Amino acid sequence: MSRRVVVTGVGLICGLGIGTEEAWKAVCAGQNGIGPITLFDASQHACRIAGEVKNFDPLQWMEKKELKKMGRFIQFAVAAADFAMKESGLKLTPELAERTGVYIGSGIGGFDVIEREHQALLKGGPRKISPFFIPATIINLAAGQVSIRTGAKGPNSATATACSASAHAIGDSYRIITRGDADAMICGGTEASITPLGVGGFAAMRALSTRNDQPQRASRPFDADRDGFVVGEGAGVLILEALEFAQRRNAPILAELIGYGMSGDAFHITQPAKGGEGAYRVMKATLKDANLPPQEVGYINAHGTSTPVGDKIETMAVKRLFGERAAKLPVSSTKSMTGHLLGGAGGLEAGFTVLALRDQILPPTVNYEKPDPDCDLDYVPNQARKVEVRYALSNSFGFGGTNAALLFKRWEDS
């Protein structure tokens, strides 16, 4: 059994906005959500900037007594799922609940809660640890809380595949629907690791930009002067449905998901495989899954983190797969505006890719000012572009060499 899968809802939260249309409008305008860290005192840190979600009030989605049961990453997932559900119009009656699942990934989980409870342990001993510490922290409780709140009783799972986590969650959900194990999936990813330990850990690896005096110019994918990524936070959740299920309930269809690929680098704990070999294979596998030739792809939402090595490697992979056509293929990185959401990145960027197909607008790569000879593709520099595009890829690559790609198609009512 193999069924077509469509996207009927998108829920986005990031440093550019709380809510799908707010975030999308800001991306298309080339706005920037990166600024000085305010969630903690970062004055002693090498990196003091991040893509924080500003003015997030979890009490819009839950009662105050529930906050202690959820780390910030779970709160983001609950809110993003609510946005997506409302857009899709999906209401889980008892008949639909067992055919609707939840699959939400995260790379790190509740760092904020871990740090808080560790301090409680040091100051007051083990009796001061909250009984909600574990369920507020572990990665699968994002999916668990969304399931509890929506009543979805179908497949319930989570991915923890670093920066590919939410792309894997969406792709795995796609597979679940195509094989008939569910009719609808609430899927994506979430992250909230702008904490002293989270930022400090990535800075210790020398992975982060230290352009602290110019935060809005710090994330600059593919630019010759890039010096590392900027940590972002937020969530991206999609509602996937079997086509016939969505059509029966007259759901709004935003795009069709037609391909999913996975690959492993088998190379290094943090560095991508030489020559972009893993990235090349995951994109190739995704196109094979969709039975689509490379020349049909009209846009790639790149992983594009703004690291010196990573951006070069992804560029090499695109050139290898698309050949001479690569020079004319638009490739942009929305991380230039949101920062890197780590395990939440693939969900956010899949959402942006769906909206690009819906509105026929390609989001830009901002801060692209100085061309790099090793990164010489069309990165949609600094301004969004109105185009006609039918097929779009979304790439996600994670530490440990875990890669995922998703291929979306513009919805055509035929």
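Residues numbered from 1 in each chain as written. Predicted model: local features only at pLDDT ≥ 70, side-chain atom pairs only at ≥ 80, totals over all residues. Heavy atoms only, no water.

K.L.:
Explanation requested: the overall build of the protein chain in the structure shown.
P.N.:
Helix and strand counts for the protein chain stand at twelve helices and 15 strands. For 414 residues, the compact-globule estimate of 2.2 N^0.38 gives 22 Å, and the C-alpha radius of gyration of the protein chain, at 20 Å, lies within 12% of that figure. Structurally, the protein chain occupies a C-alpha span of about 65 × 55 × 40 Å along its principal axes. In the protein chain, which comprises 414 residues, the proportion classed as buried is 62%. When contacts within the protein chain are restricted to residue pairs at least 6 apart in sequence, long-range pairs at least 24 apart make up 79% of them. (Helix = DSSP H or I, 4+ residues; strand = E, 2+ residues; numbered from the N terminus. Rg over C-alpha atoms; globule rule 2.2 N^0.38 Å. Buried < 20%, exposed > 50% of the residue type's maximum accessible area, 1.4 Å probe, protein only. Contact = heavy atoms within 4.5 Å.)

K.L.:
Explain the nonpolar core to me, please; I cannot follow it from the model alone.
P.N.:
Most often, soluble globular proteins have nonpolar side chains that are buried together. Formed by 78 residues in total, the largest nonpolar core has its most connected members in Ile186, Leu238, Leu240 and Phe408. Tallying contributions element by element places helix α2 (residues 72–88) first for this core, with ten residues. Phe222, Ala279, Ala290 and Leu292 belong to the second largest nonpolar core, which has 28 residues in total. (Core = buried A, V, L, I, M, F, W, Y, C linked by side-chain atoms within 4.5 Å.)

K.L.:
Teacher, can you tell me more about the pattern of salt bridges here?
P.N.:
Close approach of charged atoms allows side chains with opposite charge to pair. All chains considered together, the criterion is met by 30 salt bridges. In this structure, the salt-bridge partner of Arg211 is Asp227, at a minimum N-O distance of 3.4 Å. A residue pair is termed long-range when its members are at least 10 positions apart, and Arg211 in the loop between α7 (196–204) and β8 (234–242) and Asp227 in the loop between α7 and β8 qualify at 16 residues. A residue is classified by how much of its surface remains accessible, and Arg211, at 16% relative accessible area, is buried. In this structure Asp227 comes out as partly exposed when scored by relative accessible area, which is 28%. Across the pair Arg226 and Asp311 runs a salt bridge whose closest N-O atoms are separated by 3.6 Å. Linking Arg226 in the loop between α7 and β8 with Asp311 in helix α10 (residues 308–322), this pair joins segments that are 85 residues apart in sequence. On the basis of relative accessibility, which here comes to 8%, the residue Arg226 falls in the buried class. (Salt bridge = Lys/Arg side-chain N within 4 Å of Asp/Glu carboxyl O.)

K.L.:
Looking at this structure, I do not really get the packing of aromatic side chains. What am I missing?
P.N.:
Centre distance and the angle of the planes are the two values used to describe a pair of aromatic rings. Inspection of the entire model under this criterion finds eight aromatic pairs. With 6.4 Å between their ring centres and 50° between their planes, Phe202 and Phe399 make a pair best called tilted. Taken together, the positions of Phe202 in helix α7 and Phe399 in the loop between β14 (391–398) and β15 (402–410) put the pair 197 residues apart, joining distant regions of the chain. Judged by relative accessible area, Phe202 falls into the buried class, the value being 11%. Relative accessible area serves as the criterion here: at 33%, Phe399 is assigned to the partly exposed category. Ring pairs connect the aromatic residues Phe56, Trp61, Phe76 and Phe83, which therefore count as one cluster. We note Arg320 situated over the ring of Tyr280; from NZ or CZ to the ring centre the distance is 3.8 Å. (Phe/Tyr/Trp six-rings, centres within 6.5 Å; stacked < 30°, edge-to-face > 60°. Lys NZ or Arg CZ within 6 Å of the ring centre and 35° of its normal.)

K.L.:
Hey, could you run me through the layout of surface pockets in this one?
P.N.:
If you roll a probe as big as a water molecule over the atoms, it shows you where there is empty space left. Taken as a whole, the largest pocket holds about 530 Å³ of empty space. Taken together, 34 residues form the lining of the largest pocket, with Thr270, Pro272, Thr307, Gly310 and Phe399 sitting closest to its centre. For the lining of the largest pocket, the element with the most residues is α10, which contributes six residues. In this structure, the second largest pocket spans a volume of roughly 200 Å³. (1 Å grid on protein atoms, 1.4 Å probe; cavity = no way out; pocket = protein on both sides within 12 Å on 5 of 7 lines; lining within 4 Å. Points joined across faces, edges and corners; volume = space filled by probe spheres on them.)

K.L.:
Any chance you could explain the pairing of β14 here in plain terms?
P.N.:
When a strand is regular, its side chains alternate between the sheet's two faces. Across the eight residues that make up β14, a large majority, eight, are buried. Here β14 shows no split at all, with Tyr391, Leu393, Asn395 and Phe397 on one side and Ala392, Ser394, Ser396 and Gly398 on the other all buried. Relative to β14, strand β10 (residues 299–301) runs parallel, the two sharing three bridges. Paired with Asn301 across the two strands is Ser394, which belongs to β14. Taken together, β14 and the strand that follows it, β15, pair antiparallel across an intervening segment of three residues, in which Gly400 is found at a positive phi of about 85°. (Pairing = 2+ DSSP bridges.)

K.L.:
Any chance you could explain the environment of Lys153 here in plain terms?
P.N.:
As for its placement among the helices and strands, Lys153 is situated in the loop between α5 (141–150) and β6 (156–157). Residues Lys153 and Glu22, 131 residues apart in the sequence, show an inter-C-alpha distance of 31 Å. Contacts of Lys153, omitting those with residues within four sequence positions, involve Ala97, Glu98 and Thr100.

K.L.:
Sorry, what's going on with the packing of helix α6 (residues 165–178) against helix α12 (residues 345–359) here?
P.N.:
When two helices pack together, their arrangement is captured by the angle between the axes and the distance separating the axes. Where α6 meets α12, the closest approach of the two axes is 5 Å, and the angle between their N-to-C directions is 60°. Contact with α6, carried on its side by Ser166, Ala167 and Ile170, involves Ala345, Gly346, Gly347 and Ala350 of α12 and no other residues of that element. In the contact of α6 with α12, the residues fall into four nonpolar, three polar and no charged. (Axes fitted to C-alpha atoms, helices over the stretch in contact; angles between N-to-C directions. Nonpolar A, V, L, I, M, F, W, Y, C, P; charged D, E, K, R; others polar.)

K.L.:
For this particular structure, what's the right way to read the state of the cysteines?
P.N.:
Two cysteines form a disulfide when their sulfur atoms are joined by a covalent bond. Per the stated rule, a full pass over the model turns up zero disulfides. Not part of a disulfide, Cys187 finds its nearest cysteine sulfur in Cys14, a span of 18 Å. A disulfide-free cysteine, Cys375 has its sulfur positioned 18 Å from the sulfur of Cys163, the nearest such atom. The class for Cys375 is buried, based on a relative accessible area of 1%. (Disulfide = S-S within 2.5 Å.)

K.L.:
What is the right way to read α2 from this model?
P.N.:
Since the α-helix turns once every 3.6 residues, residues separated by three or four places project in the same direction. With 17 residues, α2 extends 24 Å from end C-alpha to end C-alpha; this agrees with the ideal 24 Å at 1.5 Å per step. With 13 of 17 residues buried, α2 lies mostly within the body of the structure. Of the residues trailing α2, Gly89 is marked for its positive phi of about 75°. (Expected span 1.5 Å × (residues − 1).)

K.L.:
Just checking my understanding: could you explain unusual backbone geometry for this structure?
P.N.:
Most peptide bonds take the trans configuration, and most residues that are not glycine carry a negative phi. Positive phi, close to 55°, is recorded for Asn291, a residue that is not glycine. Counting through the fold element by element, Asn291 comes out in the loop between α9 (277–290) and β10. Phi at Asn382 is positive, roughly 70°, even though this residue is not glycine. Tracing the chain through its elements places Asn382 in the loop between β12 (361–362) and β13 (385–386).

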